Amino acid sequence: MDLRNDQITLGELWDDPKSRAVFQKRIPMLAKHPVKGAARTVTLEQLRDFMAGWVPGMMINGVMMDLKKL
């Protein structure tokens, strides 16, 4: 999947069933979070930077690797 140098938005990722499945598998709490709808314009880069404070790096790296494989 073309992540456009991590500038792809979460809305675009969540609209694609394959990338949405990556989030549901790797970070299920994000897929169920109540602000999910409001975060549609957040870029993957912004999400990665934000999550670095509360999600283990291995989890973030797993998401990134899986998305790049799509």
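Scroll up to find the structure.
A few points on the structure.

Rules used in this analysis
- For every chain, the first residue of its written sequence is number 1, and the numbers climb from 1 along that sequence.
- Local features in this predicted model are restricted to residues of pLDDT 70 or higher, and side-chain atom pairs are both shown and tallied only at a pLDDT of 80 or more, whereas totals for entire chains, interfaces and linings draw on every residue.
- Note that the side-chain values use all heavy atoms of the structure and ignore hydrogens as well as water.
- Put simply, a nonpolar core is a bunch of buried Ala, Val, Leu, Ile, Met, Phe, Trp, Tyr and Cys residues held in one set by side-chain atoms that sit within 4.5 Å of each other.
- Categorising residues by exposure relies on relative accessible area from a 1.4 Å probe, with only protein chains included: less than 20% of the type maximum marks a residue as buried, more than 50% marks it as exposed, and the intermediate range marks it as partly exposed.
- Only DSSP runs of H or I covering at least 4 residues are called helices, and only runs of E covering at least 2 are called strands; the numbering of each starts at the N terminus.
- Two residues qualify as a contact provided that any one of their heavy atoms is within 4.5 Å of a heavy atom in the partner residue.
- A pair of Phe, Tyr and Trp rings is counted when the ring centres sit within 6.5 Å of each other, with Trp represented by its six-membered ring. The angle between the planes then sorts it: under 30 degrees is stacked, over 60 is edge-to-face, the rest tilted.

**Concerning the nonpolar core**
- L10, L13, F23, L30, L44, M51 and L67 are the most contacted members of the largest nonpolar core, which totals 18 residues.
- At the level of elements, α1 (10-15), α2 (17-26), α4 (44-51) and α5 (57-69) are the ones that each hand at least two residues to this core.
- Take this core: its biggest share by element is four residues, from α5.
- Those residues within four positions of F23 in sequence are excluded, and the remaining contacts are L10, L13, W14, P28, L30, L44, L47, V63 and L67.

**As for the packing of aromatic side chains**
- Counted according to the given criterion, the structure contains two aromatic pairs.
- Consider the rings of W14 and F23, whose centres lie 6.3 Å apart with planes at 70 degrees: the pair is edge-to-face.
- With a relative accessible area of 5%, W14 lands in the buried category.
- Here the aromatic rings of F50 and W54 are separated by 6.0 Å at their centres, their planes lie at 70 degrees, and the arrangement is edge-to-face.

By themselves, these observations are geometric and do not establish any function.
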